[in-house]
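Now for the letters of each chain:
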2 protein chains.
Amino acid sequence: MKIQILKNIIDENDVIAKKINEKLNEFNIFCMNFMSSPGAGKTEIITQLIEKYYNKKRIGVIEGDVSTTIDAEKLAKHKIPVIQINTDIFGGGCHLSASLIEQALEKFDLSKLDILIIENIGNLICPGEYNLGEHKKIVVISLTEGVEKPLKYPLLFRRADAVLINKVDLEPYLDTKAKDVIKNIRTINSKVQIFSLSAKTGEGIDNFIDWINNEI
Amino acid sequence: MKIQILKNIIDENDVIAKKINEKLNEFNIFCMNFMSSPGAGKTEIITQLIEKYYNKKRIGVIEGDVSTTIDAEKLAKHKIPVIQINTDIFGGGCHLSASLIEQALEKFDLSKLDILIIENIGNLICPGEYNLGEHKKIVVISLTEGVEKPLKYPLLFRRADAVLINKVDLEPYLDTKAKDVIKNIRTINSKVQIFSLSAKTGEGIDNFIDWINNEI
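The shown structure was predicted, so the numbers you read here are calculated from the model rather than taken from an experiment.

A. Quick peek at the pattern of salt bridges. Taken as a whole and assessed by the stated rule, the structure comprises 26 salt bridges over all chains. The residue Lys19 of chain A makes a salt bridge to Glu102 of chain A at a minimum N-O spacing of 3.2 Å. Of this pair, Lys19 of chain A sits in helix H1 (residues 2-26) while Glu102 of chain A sits in helix H4 (residues 98-105), and the two are 83 residues apart along the sequence. We note a salt bridge from Glu148 of chain B to Lys74 of chain A, for which the minimum N-O separation is 3.2 Å. Note that Glu148 of chain B is positioned in the loop between strand E5 (136-142) and helix H5 (149-152) and Lys74 of chain A in helix H3 (residues 70-76), a pairing that runs across two chains. Given the relative accessible area of 18%, Glu148 of chain B is considered buried. A residue is classified by how much of its surface remains accessible, and Lys74 of chain A, at 29% relative accessible area, is partly exposed. What emerges from the salt-bridge pattern is a single network uniting Asp65, Asp71 and Lys74 of chain A together with Glu148 and Lys152 of chain B.

B. Region of interest: the pairing of strand E4 (residues 115-122) of chain A. Residue and element names in this part refer to chain A. Most of E4 is tucked away: 8 of the 8 residues are buried. For strand E2 (residues 59-65) and E4, the ladder comprises 5 bridges, and the chain directions are parallel. Across the sheet, Ile62 pairs through a bridge with Ile118, a residue of E4.

C. Layout of the packing of aromatic side chains. In this structure the tally under the stated criterion is 9 aromatic pairs over all chains. Note on Phe195 of chain B and Phe208 of chain B: the rings are 5.7 Å apart at their centroids and 55 degrees apart in plane angle, and the pair reads as tilted. Of this pair, Phe195 of chain B sits in strand E7 (residues 193-196) while Phe208 of chain B sits in helix H8 (residues 205-215), and the two are 13 residues apart along the sequence. The exposure class assigned to Phe208 of chain B is buried, which follows from its relative accessible area of 0%. Taken together, the ring pairs connect Phe34, Phe195, Phe208 and Trp211 of chain A into an aromatic cluster.

D. Layout of the relation of the copies chain B and chain A. Of the two same-sequence chains, chain B is brought onto chain A (RMSD 0.0 Å, axial shift 0.0 Å) by a rotation of 180 degrees. When the rotation and shift are considered jointly, the pair of chain copies conforms to a two-fold rotation axis. Interface overlap between copies is the fraction of interface residues in one copy that are interface residues in the other; for chain B against chain A it reaches 100%, indicating a shared surface.

E. Quick look at the sheet that holds strand E6 (residues 162-166) of chain B. Residue and element names in this part refer to chain B. Pairing is parallel in the open sheet, where 7 strands are placed in the order E3-E2-E4-E1-E5-E6-E7. Whereas interior strands pair on both sides, the edge strands pair on one side only; in this sheet they are strand E3 (82-86) and E7. Each neighbouring strand pair of the sheet contributes to a mean axis angle of 20 degrees, computed without reference to strand direction. Relative to strand E4 (residues 115-122), strand E1 (residues 30-36) runs parallel, the two sharing 6 bridges. Pairing of Cys31 across the sheet is with Leu116, part of E4.

Cut-offs and rules
- Sequence order sets the numbering: in each chain, residues are counted from 1 along the sequence as written.
- In the order they appear in the text, chains get letters beginning with A and ligands get numbers beginning with 1.
- The predicted origin of the model limits local features to residues at a pLDDT of at least 70 and limits the giving and counting of side-chain atom pairs to 80 or more, whereas totals for whole chains, interfaces and linings rest on all residues.
- Excluding hydrogens and water, the side-chain figures rest on all heavy atoms present in the structure.
- Take a side-chain nitrogen of Lys or Arg and a carboxyl oxygen of Asp or Glu: if they are within 4 Å of each other, that pair is a salt bridge.
- Starting at the N terminus, helices and strands are each numbered in turn, a helix being any DSSP run of H or I of at least four residues and a strand any DSSP run of E of at least two.
- When accessible area is computed with a 1.4 Å probe and restricted to protein chains, residues below 20% of their type maximum are described as buried, those above 50% as exposed, and intermediate ones as partly exposed.
- Only strands joined by at least two bridges in the DSSP assignment are considered to pair.
- Geometry of aromatic contacts follows a simple scheme: Phe, Tyr and Trp rings, the Trp one being its six-membered ring, pair when their centres are within 6.5 Å, and the pair is stacked under 30 degrees between planes, edge-to-face over 60, tilted otherwise.
- Here the copies are matched by least squares. The fit uses the C-alpha atoms of residues with pLDDT of at least 70 in both.
- Residue contacts follow a heavy-atom distance rule, with two residues in contact if any of their heavy atoms lie within 4.5 Å.
- Axes here mean lines fitted to C-alpha atoms, for a helix over just the part in contact, with angles spanning 0 to 180 degrees between N-to-C directions.

Read these as layout, nothing more, since geometry by itself doesn't imply function.
In structure tokens:
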């Protein structure tokens, strides 16, 4: 009975996600859905993208958080359009849904965007179940989270188009090595694109940007 | 309507949690529910507790994961009773519920336990909603997750009895400082016990153990 309810919600979500995807295509907007554990560095990576694309591509961000506008404020400093979704006013939701994205989209002037970035709620489980109409699902994992996360939370890694291994600048101080994380990602998803990078130092960001440009 | 369904589930969960708590008290077992983001270091901290309590207290662990038995196998090496709950067989659940704990409890010989540790699913949102009959809720945050997590995921921090700031051995290599994390925890929960520690080096574990002994 509970599974039935969940299935209906996800079916309904997919209908709205399809509409969103059509709208984005109509306006020629490339959309990425960033997902990760809390604190893996999504906002810092998005900040790097905004800086690298400055004067090249017009970026908008939908910022998902349970509470606060901390990340949206950080990003809005770069003078780009940012819409904050706080899920606590919807009962503390642990993921973004297509209907929330549909509402947020109405607040953008879509004719003025080339790239739409969705920063999902920090959660390695629930966001994986909900398509948001995006073109690519980007999963961020921090090297500090250990090597086993892809095995223990397989759904997100299975559905990812690209996995970013962030905070590789800390590798000398950790037992966790990027090559072991890569091996476990490959166990779950043999075809996914993997980029090792550091949003702090900027190392590896250009490789990810080359991939985005190619996908656009 | 959806909120109504959720409310009923949580009410029903609380009824079972109360029964679990009574059973634990009957057998004089002290129970802690460990919650955190994925990769914050719950398993490593629990391993430290098992080693420190060796020959002093009899510990059992209920290990919650979406998938795999990796953590349970690590803990079982210490020759303590460990029961694994994999929530993917219940539809990929993002938290443990009291009914899952009730089922797991049946597999232990409760007369042979002093401490029961529940390692919840790695998720900083949903586990906060579900009481499991535990005596204390322990939230683990890794210093690598940044300073803002308590503000952005307030529910868990508000309900915590103790917060453990793990991986403080990495502080020299991070912009994040433990004192700033503590400040943000205090904003959400002025009374909670806070321990800075490193499961890797063992630093600070004894202070947490002193607190546990006092609470028992």
